[in-house]
Amino acid sequence: MIWPPLIQGTRLSPWLRARDIVLTALAWVQLGYLMRETLHLVHDYLRYPIFEFTSASPPDWAELWGRLRPFAGFVAALVLWLLFWSLVRGRQMRATAPMPQPALLALASHAAGFGLDEAALAGWREARILLVHFDAKGRVSHAEAMSVDQRA
Amino acid sequence: MEALQDFSAGLAVFCFGYPFVMAWYWMAGGLLFRLMRERHEPLPDDPPTLADYPLVSILLPCHNEEDQAEETFAALSALQYPNWEVVAINDGSKDRTAEMLDDLARRMPQVRVVHLAQNQGKSTALIVGAMAARGEILVGIDGDALLDPHALTWFVRRFLADAQLGALTGNPRIRNRATLLGRLQVGEFSSVVGLIKRAQTIYGTVFTVSGVICAFRKRALADAGWWSPAALTDDVEVTWRLQLAGWRVAFEPKALCWILMPETLKGLWRQRLRWAEGGMQSVLAATPVMLRRGAWRLLPIWGNFILSVVWAYAMVTGLALGLVSALFPQWVGEPLGFSAIPQWWGTVLALTYLLQSAISVAVDARFERGIARSLFWVIWYPLVFWLLQTATAVLGLPRALMRSNQTRGTWISPDRGVR
């Protein structure tokens, strides 16, 4: 098996591939069109004489900041919240050394939760193949354990 | 009319503000997780030696998987973990799945098969599989998912290092990239799913494990009451149950699994609608328990989910107002609502999303070579794809409210993409 097992759709028509690429390129062009004023500003700023606006007027930074400031406040508060939790949970998140584990789920307790006795559930776990039956309410009624050869 | 203008302005602020603020939050969370957890970690295909290798039971619920089973088991036979078994649960398949699984059990000593006499749904299949499983650590994958050879080692390492962890969610990577929809979802899974899970792991509660690749302690599942047979999205439901029972859930990005996603609009629509409805159903079921038990640490993910649904309705209202305003300007006077074609605010949102995608690709580069190529396709997300997400969220609420608690979750034959 080739790994990673990517499926690149080799049987897909080249026309469909070309259509997807052209459509996506057009989507980028649309974004560029929506941003045409910003792109013009950037172009003007970066061409000779570099780092000067010659044909475009510089953006009104105060106005832009005024629009985004309320949202920036929320962003700052949430990032501080994340930083707080990253400090609280830092050790836990970085932990790689083994530690004492919680007690395993006891077979008897697992069986009792589904109205089975311990021996029956132990039998389930020995079986290579199991056929499970249900009652009308969707509860397990009984199960038949089989070996691989029996099933064949 | 003035009140309507104020309402429309408030709507516009919320519709821009919520995704804008959250995008920065996810970016910060993704970068912090990278800095704190991932920076010094080995690469996914180079796991360290563990002090112990407890038995891991892989639960593999199958329903009509005859086309996929051979490939799924071929990947399992390449697992690089010394102590594992597969419990394949055949949930009343109508095709040759039963015979194929029996044959695999003959050929592979680690394979055990549970046949359900009648079709019961995925949750019941998982419950019965867990009963038959010998291991304390259960790993759930789908019948069409290919588990990475080292995924079990990464899961076990994390459980051994944190006794409070009840479940881990792995890192699903999309296999099928033949079409625009497939390629678009590669970027989406990195930039949305991956970053959100990283941020949520930092504050310690996760909205959902990925049902296609997740791991549990059996004891934690017993405390949580196992999976709910009525759940439409068993993974969301069980994640909330586990956290309500006091267990923690976290993201393990190195536990990789290669999955198939829909590559038709119909298939994608059905999948996303089921996710939206199932998410809503699970949150509605968890809300009274959360309030009764005072499980306030779940409040941030609860609040974010509610806000995301309110946002979807706000978007539809804003777009409807914008349409009425454009068609009948004499009725409304000053323009109301907004257009689906991005203006200044929409363009800022689109750029923010593209930045989020670029950051996610940088974070994910260690898991998948060439992931940067997905950036070309993500442009569809801010321009069009969000409309699908919004529509499914809007429809998901009434469908979840009308769904009976007694209705069992059923298998949906998925669109598995183009080969």
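Residues numbered from 1 in each chain as written. Chains lettered and ligands numbered in written order. Predicted model: local features only at pLDDT ≥ 70, side-chain atom pairs only at ≥ 80, totals over all residues. Heavy atoms only, no water.

Participant: What is the right way to look at the pairing of strand β6 (residues 165–174) of chain B in this model?
Facilitator: Two faces belong to every sheet, and in a regular strand the side chains alternate between them. Residues and elements named next belong to chain B. β6 sits mainly inside the fold: ten of its ten residues count as buried. Pairing between β6 and strand β8 (residues 248–259): eight bridges, direction parallel. The residue bridging L165 from the neighbouring strand is R248, located in β8. Across three bridges, β6 lies against strand β7 (residues 213–217) in antiparallel orientation. Paired with T169 across the bridge in β7 is C214. (Buried < 20%, exposed > 50% of the residue type's maximum accessible area, 1.4 Å probe, protein only. Helix = DSSP H or I, 4+ residues; strand = E, 2+ residues; numbered from the N terminus. Pairing = 2+ DSSP bridges.)

Participant: Could you clarify how one ought to interpret a nonpolar patch on the surface in this entry?
Facilitator: All names here are of chain A. Taken together, the side chains of V42, Y45, L46, I50 and F51 present a nonpolar region at the surface, about 480 Å² in accessible area. Mapped onto the secondary structure, I50 falls in the loop between α2 (36–46) and α3 (61–88). Judged by its relative accessible area of 47%, I50 is partly exposed. (Patch = residues over 30% accessible without salt bridge, like charges linked within 9 Å, V, L, I, M, F, W, Y side chains within 5 Å. Areas by Shrake-Rupley, 256 points an atom, 1.4 Å probe, with all protein chains shown as cover. Salt bridge = Lys/Arg side-chain N within 4 Å of Asp/Glu carboxyl O.)

Participant: How should the domain arrangement of chain B be read in this particular structure?
Facilitator: Many structure descriptions define interface size as the accessible area lost when the parts assemble. Residue and element names in this part refer to chain B. With domains assigned, chain B is organised as domain 1 (2–23 + 300–402) and domain 2 (51–295). The partner domain 2 presents 38 residues to the 32 residues of domain 1 that form the contact. Summed over both partners, the interface of domain 1 with domain 2 buries about 3,300 Å², with 74% contributed by carbon and sulfur atoms. Linking domain 1 with domain 2 are five salt bridges. In this structure, E368 engages R173 in a salt bridge whose closest nitrogen and oxygen atoms are separated by 2.9 Å. (Domains from an automatic or database assignment. Contact = heavy atoms within 4.5 Å. Buried area = accessible area lost by both parts, 1.4 Å probe.)

Participant: I keep staring at the packing of helix α1 (residues 2–38) of chain B against helix α10 (residues 299–327) of chain B and nothing clicks. Help me out?
Facilitator: Each packed pair of helices is defined by two parameters, the angle between the axes and the distance between the axes. Residue and element names in this part refer to chain B. Running from amino to carboxyl end, α1 crosses α10 at an angle of 135 degrees, the nearest separation of the two axes being 9 Å. With respect to α10, the element α1 is oriented oblique. As α1 runs across α10, the sense of the crossing is left-handed. Counting all contacts with α1, which are made through F7, S8, L11, F14, C15, Y18, P19, M22 and W26, the residues of α10 involved are N304, L307, S308, V310, W311, A314, M315, T317, G318 and L321. (Axes fitted to C-alpha atoms, helices over the stretch in contact; angles between N-to-C directions. Parallel < 35°, antiparallel > 145°, perpendicular 65-115°, else oblique. Left-handed = near helix turned anticlockwise from the far one by under 90°.)

Participant: Honestly, the pairing of β8 of chain B in this entry has me stumped. Any pointers?
Facilitator: All names here are of chain B. Counting buried residues along β8, twelve of its twelve residues qualify, which places the element largely inside the surrounding structure. When strand β5 (residues 146–147) meets β8, the two strands line up antiparallel, connected through two bridges. Note that in β8 the partner of L147 across the bridge is C257.

Participant: Sorry, what's going on with the sheet that holds strand β4 (residues 137–141) of chain B here?
Facilitator: What links the strands of a sheet is backbone hydrogen bonding, and the strands pair in either a parallel or an antiparallel sense. What the ten strands build is an open sheet, ordered β2(A)-β1(A)-β3(B)-β2(B)-β1(B)-β4(B)-β7(B)-β6(B)-β8(B)-β5(B); its pairing is mixed. Where the open sheet ends on each side, the last strands, each with one partner, are β2 (140–146) of chain A together with β5 of chain B. Sitting on the sheet, helix α6 (residues 118–126) of chain A is in contact with β1 (129–134) and β2 of chain A together with β3 (111–116) of chain B, with an inclination near 120 degrees to β3 of chain B. Helix-sheet contacts for helix α3 (residues 97–107) of chain B involve β1 of chain A together with β1 (56–62), β2 (84–91) and β3 of chain B, and the interaxial angle to β3 of chain B is about 155 degrees.

Participant: Honestly, the domain arrangement of chain A in this entry has me stumped. Any pointers?
Facilitator: As assigned here, chain A comprises domain 1 (12–58), domain 2 (60–98) and domain 3 (107–150). Computed over C-alpha atoms, the centres of domain 1 of chain A and domain 3 of chain A are 64 Å apart.

Participant: For this particular structure, what's the right way to read helix α4 (residues 122–132) of chain B?
Facilitator: Since there are 3.6 residues in each turn of an α-helix, residues three or four apart along the chain are aligned in direction. Most of α4 of chain B is tucked away, with eleven of its eleven residues classed as buried. Three or more residues of α4 of chain B are buried, namely K122, S123, T124, A125, L126, I127, V128, G129, A130, M131 and A132 of chain B.

Participant: Is there a simple way to explain the nonpolar core in this structure?
Facilitator: If you look at soluble globular proteins, the nonpolar side chains tend to sit buried side by side. Counting residues in hydrophobic clusters, the biggest one holds 63 residues, and the most contacted among them are L82 of chain A together with W26, W240, L244, L298 and I379 of chain B. Contributions of two or more residues to this core are made by α1 (14–34) of chain A together with α1, α6 (180–203), α8 (234–244), α9 (265–293), α10, α12 (344–364) and α13 (380–402) of chain B. Those residues within four positions of I379 of chain B in sequence are excluded, and the remaining contacts are T24, A27, W28 and L31 of chain A together with L354 of chain B. One finds M146 of chain A together with W84, A105 and I141 of chain B within the second-largest nonpolar core, a separate group that totals 49 residues. (Core = buried A, V, L, I, M, F, W, Y, C linked by side-chain atoms within 4.5 Å.)

Participant: Can you help me understand the confidence of the model for chain B in this one?
Facilitator: Any segment with low pLDDT has predicted coordinates that should not be analysed in fine detail. With 97% of its residues at a pLDDT of 70 or more, chain B has an overall mean of 93. In the model output, the complex is listed with pTM 0.94 alongside ipTM 0.91. (pLDDT = per-residue confidence, 0-100.)

Participant: What exactly am I supposed to notice about the interface of chain A and chain B here?
Facilitator: Listed per partner, the contact involves 72 residues of chain A and 93 residues of chain B. Across the chain A to chain B interface the summed buried area is about 7,300 Å²; carbon plus sulfur atoms make up 69%. On the chain A side of the contact with chain B, I7, M93 and R128 of chain A bury the most area, a combined 10% of that side's loss. Counting across the chain A and chain B interface gives zero salt bridges. Taken together, the links from chain A to chain B amount to 35 residue pairs in polar contact (both at pLDDT 80 or more). Elements supplying a minimum of two residues to the side of chain A that touches chain B: α1, α3, α4 (90–94), α6, β1 and α7 (148–151) of chain A. Looking at the side of chain A that touches chain B element by element, the count peaks at 13 residues for α3 of chain A. Across the side of chain A that touches chain B, the residue classes tally to 49 nonpolar, twelve polar and eleven charged. The pairing of β1 of chain A with β3 of chain B spans four bridges and is classified as parallel. If you follow I129 of chain A over to β3 of chain B, its bridge partner there is V113 of chain B. (Polar contact = N/O pair within 3.5 Å; in protein donor to acceptor, adjacent residues only side chain to side chain. Nonpolar A, V, L, I, M, F, W, Y, C, P; charged D, E, K, R; others polar.)

Participant: What is the right way to read the confidence of the model for chain A from this model?
Facilitator: Of all residues in chain A, 99% have pLDDT values of 70 or greater, and the mean over the chain is 91. Predicted confidence in chain A is weakest over α7 of chain A, with a mean pLDDT of 76, and strongest over helix α5 (residues 107–113) of chain A, with 96.

Participant: Whenever I open this one, unusual backbone geometry confuses me. Can you help?
Facilitator: Comment: phi is negative for the bulk of residues other than glycine, and the bulk of peptide bonds are trans. Each neighbour pair has its own omega, and for W3 of chain A with P4 of chain A the value is 0 degrees, a cis peptide bond. In this fold, P4 of chain A is placed in the segment before α1. In the Ramachandran plot, N64 of chain B falls in the positive-phi region, its phi being about 55 degrees despite a non-glycine side chain. In this structure, N64 of chain B sits in the loop between β1 and α2 (69–76).

Participant: How should the pattern of salt bridges be read in this particular structure?
Facilitator: Any two side chains of opposite charge can pair if their charged atoms end up close together. All names here are of chain B. Throughout the structure, instances matching the rule amount to 26 salt bridges over all chains. Across the pair D142 and K122 runs a salt bridge, and its minimum N-O distance is 3.0 Å. Within this pair, whereas D142 is found in the loop between β4 and β5, its partner K122 is found in helix α4, the two being separated by 20 residues in sequence. Exposure remark for D142: the relative accessible area of 22% places this residue in the partly exposed category. Residue K122 is classed as buried on the basis of its relative accessible area of 15%. R248 serves as the salt-bridge partner of D162, at 2.1 Å between the closest nitrogen and oxygen. Within this pair, whereas D162 is found in the loop between α5 (151–161) and β6, its partner R248 is found in strand β8, the two being separated by 86 residues in sequence. The exposure class assigned to D162 is buried, which follows from its relative accessible area of 7%. One continuous salt-bridge network, built from bridges that share partners, spans R37, E41, R157, R158, E252 and K254.

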